[in-house]
Every structure is written in structure tokens, then in C-alpha cells.
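# Coordinates in review
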Amino acid sequence: MTPARKRLGVNIDHVATLRQARRGRVPEPAAAASIAEHHGADGITVHLREDRRHIQDRDLAVLKSVVTTRINLEMAATDEITRIACDLKPYSCTLVPEKREEITTEGGLDVLGHPEAVARAAARLKGAGIVVSMFIDPELLQVRASRQAGADAIEIHTGTFCEAFAAGNHEAELAKIRAAAAFAASIGLKVFAGHGLDVRNIVPILDIPEIEEFNIGHSIIARAVFLGLPAAVKEIADLIHGA
């Protein structure tokens, strides 16, 4: 049987970051979402943070009306954001750790250490018909805990791998990702990956058969500064779809 085509989810948070630098109206994240879809994105990812540093509540409503593929909402497992997610009803929600002082998400969610809160949020989201994913480090205990907490999928945090790749010594981290992906699939979880990925470091991970979706944001927006957003999306979309 021919394996399904791997998917690209484009994270547009940093389009909103640029807009919020001036608290203005441009650039418009929804416009970026439409461009990304037109040039190869299979879904759009946004993170509604508690401090609203980039994506705003209004953005979610606009995106829901214009996105024609899938919306994946990254979120902390808080009552407020869970309520918003249940009202919005995106295709999927990815539960992530969140600290106000961090620049970007630092590491995976500790599902093993907070099983009740995570399971409670997952149950509410699934009750609203939303696919639930956990953003975790490639650790087998966290994979199992995600399944026990009610996840439909995991998204493997690839940040440590990307740092090791830049240092020229990534084989050990790649092996962890391979093991986590295989184990997750064996217990019925779908497997995604994201954080720090770009057109170079993604290549070894594309060979992992269980990983079916990659969520990528910063590197696409950074390349778009020089290439334009259509070319930046198409470049990595073609790489992923051809894997």
C-alpha cells in the first residue's frame, strides 16, 4: 500500500508578531494563511497565548472563515483557552507548555507530571469534536502518558534535534525521535513533528515513516523576508510532499 502523502502545517504566529510590533492592522495573518494554502500548505497552525503576544482572539474568528484546509490551534491546557477552543472548533488542538517569560515554546509538555489537567482539557476538546494532540519531547513515558490522557496524536518536539543538527551531531536525537514515533504509532497515536525545522534539518526526519505531518513557522517566515511568502512555503511544501 502506498503511504499517505506527508503534510505541511504552516504556523503564521510570526506574521502576527510583526503586526503587533506596531499594534496595527498589517500584515494580516489571515492573508498569510490564504497565501500559504495556495502554495502548498495542508493546514494552518496558530498559538493563542495567554498573554496574546501575537495571535489575537479576533484572528481566530477571521481564520475560521477563510481557511479552507485545517486549523490547528496550539494552546495551554487552561480553562479560558479550552473554552475558546471549544467555541471555535478548529480541526485540531495541540496542547503545549506555556510560560510568559519564554521567547518561544521551550521543550515539550510534561504530560506525565500533570495528567489530570491535561486529561481534563483533552476530554473537553474531544467532546467538542476536536482532534487532540500533545506536543511532547521524544520520550517513551511521555508518549504513553499522552495516550492515557486521551490524545489522538502527538507532535514530537524537534527543537533539541535541530540544535544538535546545527552542531553536526544529531544521530542520538534522531534515534530518540525514531523510537518515539514508532512507539506512538504502535499504541494507536498519529505522529506529527515540529519546532525549529527548516529545509535542511528536516531531511533526516522525512525518512521516518510514522511522521505524517510537520508544523513549521519561524523558518518559513524568516525565509519569506528574502524569498517572499509564496516561494518560502512552496520550497518546503515541495520537499515534504515529495518525501
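Here the structure is shown first, and the text comes after it.
We now turn to the structure provided with this report. Predicted model, so just to flag it, every value in this text is computed and none were measured. (Residues numbered from 1 in each chain as written. Predicted model: local features only at pLDDT ≥ 70, side-chain atom pairs only at ≥ 80, totals over all residues. Heavy atoms only, no water.)

### Some details on the pairing of strand β3 (residues 71-75)
We apply this condition: Classification of residues uses two cut-offs on accessible area relative to the type maximum, computed with a 1.4 Å probe and protein chains only: under 20% is buried, over 50% is exposed, and between them is partly exposed. The helix and strand labels rest on DSSP assignments: H or I over at least four residues marks a helix, E over at least two residues marks a strand, and numbering proceeds from the N terminus. Convention used here: a crossover is right-handed provided that the path from the first strand, over the helix, to the second strand proceeds clockwise when the strands point away from the viewer.
Among the five residues that make up β3, five are buried, leaving the element largely enclosed by the rest of the structure. Residues Ile71, Leu73 and Met75 line one face of β3 and the alternating positions Asn72 and Glu74 line the opposite face, and both faces are buried. In this region the chain leaves strand β2 (residues 43-47), passes through helix α3 (residues 57-66) and returns to the parallel neighbour β3; the handedness of that crossover is right-handed. Regarding the hand of the β-α-β motif, the stretch spanning β3, helix α4 (residues 79-88) and strand β4 (residues 92-95) is right-handed.

### A closer look at the sheet that holds strand β7 (residues 190-194)
Defined as follows: Here, a strand pair is defined by DSSP locating no fewer than two bridges between the strands. In this analysis, axes come from line fits to C-alpha atoms, helices being fitted only over the stretch in contact, and the angle between any two N-to-C directions falls in the range 0 to 180 degrees. The contact rule is simple, with two residues in contact once any of their heavy atoms fall within 4.5 Å.
The parallel closed barrel is built from eight strands, whose spatial order is β1-β2-β3-β4-β5-β6-β7-β8. The average angle at which neighbouring strand axes cross in this sheet is 25 degrees, direction not considered. Pairing geometry for β7 and strand β8 (residues 211-216), over four bridges, is parallel. Note on β8: the bridge partner recorded for alanine 193 is phenylalanine 214. Against the sheet, α4 makes contact with β3 and β4, and its axis sits at roughly 170 degrees relative to β3, the strand it touches most.

### Here we look at a nonpolar patch on the surface
Note the threshold: For patch detection, residues must exceed 30% relative accessible area and be free of salt bridges, and they are connected within 9 Å for like charges or within 5 Å for nonpolar side chains (Val, Leu, Ile, Met, Phe, Trp, Tyr). Here the accessible surface of atoms and residues is derived via Shrake-Rupley with a 1.4 Å probe, and residues count as covered only by protein chains that are part of the display. Salt bridge, as applied in this entry: a Lys or Arg side-chain nitrogen positioned within 4 Å of an Asp or Glu carboxyl oxygen.
Judged by side-chain polarity, Val225, Phe226 and Leu227 come together as a nonpolar surface patch covering roughly 370 Å² of accessible area. Taking relative accessible area as the criterion, phenylalanine 226 reaches 73% and is therefore assigned exposed.

### Some remarks on the pairing of strand β5 (residues 131-136)
Each regular strand carries side chains that alternate between the two faces of the sheet. With five of its six residues buried, β5 lies for the most part within the structure. Relative to β5, β4 is paired through four bridges, and the arrangement is parallel. Among the inter-strand pairings, cysteine 93 is bridged to a residue of β5, identified as valine 132. Direction of pairing for β5 relative to strand β6 (residues 153-157): parallel, over a ladder of four bridges.

### Brief notes about the state of the cysteines
Spelled out, the test is: Pairs of cysteine sulfur atoms within 2.5 Å are what we label disulfides.
Under the criterion given, the structure shown has zero disulfides. Looking at cysteine 93, it has no disulfide partner, and the nearest cysteine sulfur is the one in cysteine 86, 7.4 Å off.

### What to know about the pattern of salt bridges
On inspection of all chains with the given rule, the structure shows 17 salt bridges. Glutamate 212 is the salt-bridge partner of arginine 7, the closest N and O atoms lying 3.2 Å from each other. Taken as a pair, arginine 7 in strand β1 (residues 7-11) and glutamate 212 in strand β8 lie far apart in primary sequence, 205 residues in all. Judged by relative accessible area, glutamate 212 falls into the partly exposed class, the value being 22%. Put simply, aspartate 57 and arginine 52 hold a salt bridge, and the shortest N to O gap is 2.6 Å. According to the relative accessible area criterion, arginine 52 is buried, its value standing at 16%. Put simply, Arg7, Lys190, Glu212 and Glu213 are held in one network by salt bridges that share partners.

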